Amino acid sequence: MTTPTAPRPATSSATAATGTPGTELPERRFTLTRADLVRYAGASGDFNPIHYDERVAGALGLPGVIAHGMLTMGLAATAVTDWFGPAAQVAEYETRFARPVVVPPGEGVELVVSGRVDAVLDGARTRVVLTALCGGERVLARARAVVVTGR
Amino acid sequence: MGLNSALVGRVYRSPDTYEVGREKIREFRAAVGATEGDDAPPTFPIVLAMKAQEAAVLDPDLGFDFSRVIHRDQSFRHTRPVRSGDVLTVEVHVTRVETLGANDLVALRSDIRTAGGEDVCTATTTLITWADTP
């Protein structure tokens, strides 16, 4: 039930490993540094200074420079697409941003993403519930994705 | 100077189309650690959606304090992945405007289609201001 899932070839349908409710998907760890926040700011066009300027973040009452919620959500999506392989498509994806991810200067912080197959909705649609932890605390709430496999 | 809930239902259409570039997708993929495949990652539409949402959240009629905003919820429903070469339009609908205690909440739905009218993605964004600390 907990066999890690390797990326599948383009022709595969839902696999035994990803196609059974309850299957735990292997943990992915991402290190987030200030450079990663700057890279995401440039790629996304979101230059809100709370994501790179300590003084602005502090003046607004934040505990420090924080990651874009969309960066956390984007990294968790990468875990999903890696679990299911390049042939799968994410049809639905949602989350609430439960807690800010504070990214200190220097070595940064680690984000740990894990997932569980929640339901197989029909032959080719699998719903996955995601957990994203930073410092042992959940930073995403109600995070789930519906993945279409076997196309 | 409060939040104006009369704006629920207002629609903002982006004045320009967004042409998706191969290198932009690569840049975004690198920023979210994606290595496999060529399609835009599932959260890529936020690039267009956020740009288009500015018209709504910065609308003086809305009375939203954008300097104290955090992102509360986000969802995407994809008809298909965004691909290099797509020419896309965004239509932003104000779906919810509400004051919750000391915080102002605004929800927006961004309908992303090709210039030819094909549905690609619907992105729903909830933003909230915070009074002191989030």
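Residues numbered from 1 in each chain as written. Chains lettered and ligands numbered in written order. Predicted model: local features only at pLDDT ≥ 70, side-chain atom pairs only at ≥ 80, totals over all residues.

Chain B goes by MaoC family dehydratase N-terminal domain-containing protein in an unreviewed UniProt entry, where it is assigned to Nocardiopsis codii.

If you look chain A up in an unreviewed UniProt entry, it shows as MaoC/PaaZ C-terminal domain-containing protein from Nocardiopsis codii.

Asks: Help me understand the packing of helix H1 (residues 34–44) of chain A against helix H1 (residues 22–31) of chain B in this model?
Replies: The axes of two packed helices give the description: the angle between them and the distance between them. Axis separation between H1 of chain A and H1 of chain B bottoms out at 9 Å; the angle between their running directions is 150 degrees. Put simply, H1 of chain A runs roughly antiparallel to H1 of chain B. The way H1 of chain A lies across H1 of chain B gives a crossing that is left-handed. Contacts between H1 of chain A and H1 of chain B pair Arg 39, Tyr 40 and Ala 43 of chain A from the former with Glu 27, Phe 28 and Ala 31 of chain B from the latter. Of the residues assigned to the contact of H1 of chain A with H1 of chain B, the class counts are 4 nonpolar, no polar and 2 charged. (Axes fitted to C-alpha atoms, helices over the stretch in contact; angles between N-to-C directions. Helix = DSSP H or I, 4+ residues; strand = E, 2+ residues; numbered from the N terminus. Parallel < 35°, antiparallel > 145°, perpendicular 65-115°, else oblique. Left-handed = near helix turned anticlockwise from the far one by under 90°. Contact = placed C-beta atoms within 7 Å. Nonpolar A, V, L, I, M, F, W, Y, C, P; charged D, E, K, R; others polar.)

Asks: Can you walk me through the UniProt feature "domain: MaoC-like" (unreviewed entry) in chain A in this structure?
Replies: The UniProt record marks residues 22–115 of chain A with the feature "domain: MaoC-like" (unreviewed entry), using the residue numbering of this structure. Note that residues 22–115 of chain A is 35% helix and 27% strand, and that its end C-alpha atoms are spaced 10 Å apart. (UniProt positions renumbered as here; feature names shortened; annotations may be inferred.)

Asks: Please clarify how H1 of chain B should be interpreted in this entry.
Replies: For an α-helix, the turn length of 3.6 residues means that residues three or four places apart are oriented alike. Residue and element names in this part refer to chain B. Taken together, the buried positions of H1 are occupied by Ile 25, Phe 28, Arg 29 and Ala 31. The arc that holds the buried residues of H1, viewed along the axis, is 160 degrees, so those residues lie on one side. Facing away from the buried side of H1, by more than 90 degrees, are the exposed residues Arg 22 and Glu 23. Two residues or fewer after H1 comes Gly 33, characterised by a positive phi angle close to 70 degrees. (Buried ≥ 20, exposed ≤ 12 C-beta atoms within 10 Å, placed from the backbone. Arc of directions from axis to C-beta.)

Asks: Could you clarify how one ought to interpret the interface of chain A and chain B in this entry?
Replies: Reports of interface size often rely on the accessible area that becomes lost once the parts have come together. Counting residues at the interface gives 32 residues for chain A, matched by 28 residues for chain B. Residue assignment for the side of chain A that touches chain B shows that the elements contributing at least two residues are H1, helix H3 (69–84) and strand S2 (89–97) of chain A. Of all the elements, H3 of chain A adds the most residues to the side of chain A that touches chain B, at 10 residues. In the sheet, S2 of chain A pairs with strand S3 (residues 69–78) of chain B via 5 bridges, with the strands oriented antiparallel. Bridge pairing links Arg 96 of chain A to Asp 73 of chain B in S3 of chain B. (Pairing = 2+ DSSP bridges.)

Asks: For this particular structure, what's the right way to read the environment of Phe 66 of chain B?
Replies: Residues and elements named next belong to chain B. Turning to its location among the elements, Phe 66 is positioned in the loop between helix H2 (46–57) and S3. Using a count of 13 C-beta atoms within 10 Å as the deciding quantity, one classes Phe 66 as partly exposed. Between the alpha carbons of Phe 66 and Ala 107 there is a distance of 13 Å; along the sequence they are 41 residues apart. Discounting residues that sit within four places of it in the chain, Phe 66 has contacts with Val 57 and Leu 58.

Asks: Can you walk me through the confidence of the model for chain B in this structure?
Replies: Fine structural detail should not be taken from predicted coordinates in areas where pLDDT scores are low. Residues and elements named next belong to chain B. Predicted confidence across chain B gives a mean pLDDT of 93, with 96% of residues reaching 70 or more. Here S3 stands out as the least confident element of chain B, with mean pLDDT 95; strand S2 (residues 18–19) is the most confident, with 98. Here the complex is predicted with pTM 0.91, and the ipTM for its interfaces comes to 0.94. (pLDDT = per-residue confidence, 0-100.)

Asks: It is not clear to me how the pairing of strand S6 (residues 119–129) of chain B should be interpreted in this structure. Could you clarify?
Replies: If a strand is regular, its side chains alternate between the two faces of the sheet. Residue and element names in this part refer to chain B. Inspection of the sheet shows S3 paired to S6 by 9 bridges, in the antiparallel sense. Its bridge partner being in S6, Asp 73 is matched across the sheet by Thr 126. Bridge count between strand S5 (residues 103–114) and S6: 9 bridges; the pairing is antiparallel. Directly across from Leu 108, in S6, lies its bridge partner Thr 125.

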